[in-house]
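Structural overview for review
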Amino acid sequence: MRKKLLLGNWKMNLLVGEAKAFALASTSLTQKAKEHQIMLGVAPTYLGLQTVLASNPELIVAAQDMHFESKGAFTGEISGDMLKDLGVSWTLIGHSERRSYFGETNFSCNKKIKKALSLGFTVVYCVGETAKEYEENQTKQIIHDQLSVGLQGVSEEEFSRIVIAYEPVWSIGTGLNASAEHAQDICSYIRQTLATLSSSKASDAIQILYGGSVKPTNVKTYLLQNDVDGALVGGASLTVESFEALLNEMI
Ligand code: 13P
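A brief report on the enclosed structure follows. (Residues numbered from 1 in each chain as written. Predicted model: local features only at pLDDT ≥ 70, side-chain atom pairs only at ≥ 80, totals over all residues. Heavy atoms only, no water.)

1. As for the nonpolar core
Quick note on the threshold: Grouping buried Ala, Val, Leu, Ile, Met, Phe, Trp, Tyr and Cys residues that are joined through side-chain atoms within 4.5 Å yields what is termed a nonpolar core. Buried means the residue's accessible area, taken with a 1.4 Å probe over protein chains only, is under 20% of the maximum for its type, while exposed means over 50%, and partly exposed covers the values in between. For helices the rule is a DSSP run of H or I covering at least 4 residues; for strands it is a run of E covering at least 2, with both sets numbered from the N terminus onward. We call two residues in contact whenever any of their non-hydrogen atoms come within 4.5 Å of each other.
Membership of the largest hydrophobic core comes to 61 residues, with the highest contact counts inside it found for Ile113, Tyr125, Leu151, Ile164 and Ile190. It is helix H10 (residues 180-197) that provides the largest number of residues to this core, a total of six residues. When near neighbours in sequence (up to four residues on either side) are disregarded, Ile190 contacts Val127, Ile143, Leu147, Ile164, Tyr166 and Ile208.

2. With respect to the pairing of strand S4 (residues 90-93)
Heads up, the rule is: Pairing between two strands is assigned when DSSP locates at least 2 bridges connecting them. Handedness of a crossover is defined as follows: with both strands directed away from the viewer, a clockwise route from the first strand across the helix to the second makes it right-handed.
The alternating pattern of S4 places Trp90 and Leu92 and Thr91 and Ile93 on opposite faces, both of which are buried. Bridge count between strand S3 (residues 60-63) and S4: two bridges; the pairing is parallel. Bridging across to S4, Ala63 finds its partner in Thr91. Handedness of the crossover joining S3 and S4 through helix H4 (residues 80-86) is recorded here as right-handed.

3. Considering empty space enclosed by the protein
Counted only if it meets this: Lining residues are defined by having an atom within 4 Å of a point belonging to a cavity or pocket. Those points lie on a 1 Å grid over the protein atoms alone, cavities being sets where a 1.4 Å probe fits but cannot get out and pockets being open sets with protein on both sides within 12 Å along at least five of seven lines. Grid points are joined across faces, edges and corners, and a volume is the space filled by probe spheres set on the points. Three classes are used: nonpolar for Ala, Val, Leu, Ile, Met, Phe, Trp, Tyr, Cys and Pro, charged for Asp, Glu, Lys and Arg, and polar for all others, with Gly counted as polar.
Across all of its chains, the model carries one cavity of 30 Å³ or more by this definition. Estimated volume of the largest cavity: approximately 30 Å³. Looking at the largest cavity, the residues that line it are Ser96, Arg99, Cys126, Val127, Gly128, Glu167 and Val169. Of the residues belonging to the lining of the largest cavity, the class tally is three nonpolar, two polar and two charged.

4. Focus on the pattern of salt bridges
For the record, the criterion: For salt bridges, the criterion is a side-chain nitrogen of Lys or Arg within 4 Å of an Asp or Glu carboxyl oxygen.
Throughout the structure, instances matching the rule amount to 13 salt bridges. For Arg98, the salt bridge is made with Asp65, and the minimal N-O distance between the two is 3.4 Å. Here Arg98 is found in helix H5 (residues 96-102), whereas its partner Asp65 is found in the loop between S3 and H4, with 33 residues between them in sequence. Asp65 sits in the buried class, given a relative accessible area of 4%. A salt bridge links Glu136 to Lys132; the shortest N-O distance between them is 3.4 Å.

Next up, the structure:
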């Protein structure tokens, strides 16, 4: 039985003091989530990681990205080894904003995913089609490429530390939600594809999240779908009140 997972992606938002206030105020939420077998976490900026870890140890704390090398001449980058050193054990990889603004490719995602898994991380691998690809009916082909290249060389054991976030690019931050039927169709396709890349046992156990304009008013419709195990939420995860409202809808 897969656990539900609610993950907030804060993107480039919240000052360190704001992140700390959120984390301190979230202790009643993590307690509630635990009682209902729901996993709860946030992905702060790199600068917020330490204070969030220290302020609520029950919250899953994910980085938003990491470099595939351990150290070296990569100005402005942060390595998995550095994140691990802070006590971080989850990371997003391949978010559509990394892909569209910072040149991330399926190939570079694969390098990062393999590195993160080798360090013991749980990886939230983000996939999804653009508006053009959606309109041209290419969604499944795009998702297939993102999964088969991004997860190449991942072992059966390592698949147990993979979470997939399906985020249609056209629905991120736009208020244009994918329908629950579309989310289910693609998340089911993702699970079938994962079975061919690992095994049906492994793919049955993998949590698949929907992301893109998720709000307290619509999160439940996604969670009712067989292959949707939770949500990756941007804007609606930025205040503890809204995050609590999302959690309440998932209970
Ligand atoms: P929004 O919830 O703001 O649409 O962002 C979704 C997202 O990109 C989460 O990673």
